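# Overview (structure and organization)
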Amino acid sequence: MDVYDAAGACIIVGGGLAGLTAALSLAPEQVILLSKAPLGFEASSVLAQGGIAASLGPDDDLSQHLADTLDAGDGICDESVARAILAAAPAAISELIRRGVPFDRDSQGRLILGLEAAHSRRRIVHAGGDSSGREIMHALTRRVHETPSITLFEGATVQRLLVEDNAVTGVVADDHSGPVIFSTDRVVIATGGIGGLFQHGTNPAGSWGQGLALAAKAGAAMADLEFIQFHPTALDSRSFPLKLISETVRGEGAVLVDETGDRFMAGIPGAELAPRDVVARAVWRHMGAGHRVFLDARVVPDLDFSRRFPAITRFCHAAGIDPVTEPIPVRPAAHYHMGGIAVDLAGRSSIEGLWACGEAACTGLHGANRLASNSLLEAAVCGRFAAESIKGTAPGRRKAEATASARVSADLYPVRKILTNAAGVLRDGDDLAAAAAELLPLALADGDASDPARVGLMIVIAALRRRESRGAHARTDFPNRAVSAQRIVLSLGDAIAAARELAPERVA
Ligand SMILES: Cc1cc2nc3c(=O)[nH]c(=O)nc-3n(C[C@H](O)[C@H](O)[C@H](O)COP(=O)(O)OP(=O)(O)OC[C@H]3O[C@@H](n4cnc5c(N)ncnc54)[C@H](O)[C@@H]3O)c2cc1C
């Protein structure tokens, strides 16, 4: 296998907001940016609609934003980390503006601040109406192309992280012309979320936690993996990913009804604007009782739907639905992973030379549930924090050795079925234990489904260990919150050992 000596350059894996921010913030240090998909495609960052949260309004400040974040996080957030990330939000917005992001402004040139569920203040900065992610990524992609210190490899999928004595020595990537080793001792994983591991997800299909698999196989610690946010209102269709009907549509007054027109959330506190997990559970239960669920925007007087929600209108039309005259069919879908590679505020993982940022990382900002629009913020802030931390390190002399060939494909099918049944909106111990038993042989094998199964197994074991319901993690057999809130940190080895104890007869 060819070895490409990165000559001291840092390698960033992933071309979403986190990866691009880290690459731009490292300039003029040399960076090699490896992205599975061309920039601007196949990244959750491009799909983001609502915007970025920052305490910028005259009635807002850090303490209010922090209080809302901690409330959503339900006892699991790392408060000092959350405080530091949220404090950096206004500067991150200024930086994005400096990099060319055209955030929406009012007639006097002031940033328009939107309101989203569980935010006590208007603090969502957006661009292009509901096309925030597309606008942000468009501007940053242009900046990346203009930055001479960034060498970009698009279509390069990192398949393996090379580690010796718990220190990074390189990565193996495949760009379809064959596997190549990039020799380096500084790697940033910014590979996004895990929605692709479920049958119904809003993330691009390629977002199945490959970065978590890379880090976990190298021995990195993972945190809060059991906390997966299911968006309650994805457009119910056969496509993958499912399109998102953003919370702001409910914010404008659209209501959830079933096929009989019954507004089944009317009696629930907060109704359609209750926290995301409450709405997702109500929709899930109603569907489990045999109903179809719709979001009805026809009831909102004077709503110019296509002007307010141009992107949603476009993809509803593409699915043959006119949201002005018909209710929109919706269902819950895996949307955001609060857990990930355990990192400190600087993005450092438990492996020397390995940083992670964005959705693939777990800083402790989100706890058991993410406050809407705090994730683009985390990607922008922590991409920069990771870059600052890397700038303080000198490239070392470790060189990667030639190694065996890397796997080129990932078979998500078996894992999607198992996780969807056991680790969805509502969970119970028997289903989770059965899922662990099914995932274990896949994870131990060396097949196309092994890496997705390893990620799935770690999620299932974390969900089994959390014998309570908290935030986005709802167990029907443990419906209450435990008295004390503990975070769960585990490694792939821990998850395999736990699954072996549950299912010794399944071990190959
Ligand atoms: C539909 C939707 C709407 C959303 N709306 C909002 C919102 O309004 N506000 C908000 O704050 N958050 C929102 N989110 C969440 C937010 O978009 C994500 O959390 C955030 O964009 C993650 O950024 P990232 O850079 O970590 O990952 P991503 O943007 O997903 O980028 C991951 C990158 O990694 C690459 N990659 C993956 N694996 C490999 C590999 N093995 N080798 C090389 N490259 C790899 C991918 O190709 C991609 O370039 C939304 C998410 C979705 C799906």
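Nothing here was measured: the structure is a model prediction, and the numbers come from that model. (Residues numbered from 1 in each chain as written. Predicted model: local features only at pLDDT ≥ 70, side-chain atom pairs only at ≥ 80, totals over all residues. Heavy atoms only, no water.)

The next subject is the overall build of the protein chain. In terms of helices and strands, the protein chain carries 16 helices and 20 strands. Taking 23 Å as the expected radius of gyration for a compact globule of 508 residues, we find that the protein chain reaches 22 Å, a close match to that expectation. C-alpha extents for the protein chain along the principal axes are approximately 65 × 60 × 45 Å. Evaluated residue by residue, the protein chain yields a buried proportion of 59% over its 508 residues. Across the protein chain, contacts joining residues at least 24 apart in sequence account for 72% of those joining residues at least 6 apart. Accessible area for the protein chain stands at about 19100 Å²; split by element, carbon and sulfur atoms hold 50% of it. (Helix = DSSP H or I, 4+ residues; strand = E, 2+ residues; numbered from the N terminus. Rg over C-alpha atoms; globule rule 2.2 N^0.38 Å. Buried < 20%, exposed > 50% of the residue type's maximum accessible area, 1.4 Å probe, protein only. Contact = heavy atoms within 4.5 Å. Areas by Shrake-Rupley, 256 points an atom, 1.4 Å probe, with all protein chains shown as cover.)

All right, on to the nonpolar core then. Core analysis: the biggest nonpolar cluster contains 70 residues, and Leu-197 and Leu-457 have the highest contact counts within it. Element by element, the count of residues in this core is highest for helix H15 (residues 450–465), at ten residues. If near-sequence neighbours (up to four positions away) are discounted, Leu-457 is found in contact with Ala-436, Leu-439, Leu-440, Ala-443, Ala-495, Ile-496 and Ala-499. (Core = buried A, V, L, I, M, F, W, Y, C linked by side-chain atoms within 4.5 Å.)

Applying the stated criterion across every chain yields a total of 26 salt bridges. Three or more residues are tied together by salt bridges with common partners; here these are Glu-226, Arg-466, Glu-468 and Arg-470. (Salt bridge = Lys/Arg side-chain N within 4 Å of Asp/Glu carboxyl O.)

This part is about the sheet that holds strand S15 (residues 293–296). Here we have four strands laid out as an open sheet, ordered S13-S16-S15-S14, and antiparallel in their pairing. Two strands bound the open sheet, and with one partner strand each, they are strand S13 (228–235) and strand S14 (255–258). Shown here is a sheet whose adjacent strand axes are inclined to one another by a mean of 50°, direction ignored. Note that S14 and S15 share four bridges and pair antiparallel. Residue Asp-258 lies in a different strand from S15, and its bridge partner there is Val-293. (Pairing = 2+ DSSP bridges. Axes fitted to C-alpha atoms, helices over the stretch in contact; angles between N-to-C directions.)

Turning to the environment of Leu-162, a few remarks are in order. Checked against the element boundaries, Leu-162 lands in strand S8 (residues 157–164). The spatial distance from the C-alpha of Leu-162 to the C-alpha of Lys-217 is 9.7 Å, given a sequence separation of 55 residues.

Turning next to the packing of helix H13 (residues 413–422) against helix H14 (residues 429–444). Interaxial distance between H13 and H14 falls to 9 Å at its minimum, and their mutual angle equals 165°. In terms of their interaxial angle, H13 and H14 are classed as roughly antiparallel. Crossing of H13 against H14: the hand is left-handed. Contact residues: Pro-414, Val-415, Ile-418, Leu-419, Asn-421 and Ala-422 in H13; Asp-431, Leu-432, Ala-435, Glu-438, Leu-439 and Leu-442 in H14. Grouping the constituent residues of the contact of H13 with H14 by class yields nine nonpolar, one polar and two charged. (Parallel < 35°, antiparallel > 145°, perpendicular 65-115°, else oblique. Left-handed = near helix turned anticlockwise from the far one by under 90°. Nonpolar A, V, L, I, M, F, W, Y, C, P; charged D, E, K, R; others polar.)

In the vicinity of the ligand lie 38 residues, with Ser-45, Gly-51, Glu-359, Ser-375 and Leu-376 positioned nearest. In this structure, Ala-37 approaches the ligand through a main-chain N or O atom, which is 3.5 Å from an oxygen atom. A distance of 2.7 Å is found between an oxygen atom of the ligand and a backbone nitrogen or oxygen belonging to Leu-376. Look at the ligand: alone it shows 1000 Å² of surface, and the protein chains cover 98% of it. Elements that contribute at least two residues to the shell around the ligand include exactly helix H1 (17–26), strand S3 (31–35), helix H2 (44–47), S8, strand S16 (328–337) and helix H12 (374–391). Its residues placed into classes, the shell around the ligand shows 14 nonpolar, 20 polar and four charged. (Near = heavy atom within 4 Å. Polar contact = N/O pair within 3.5 Å; in protein donor to acceptor, adjacent residues only side chain to side chain.)

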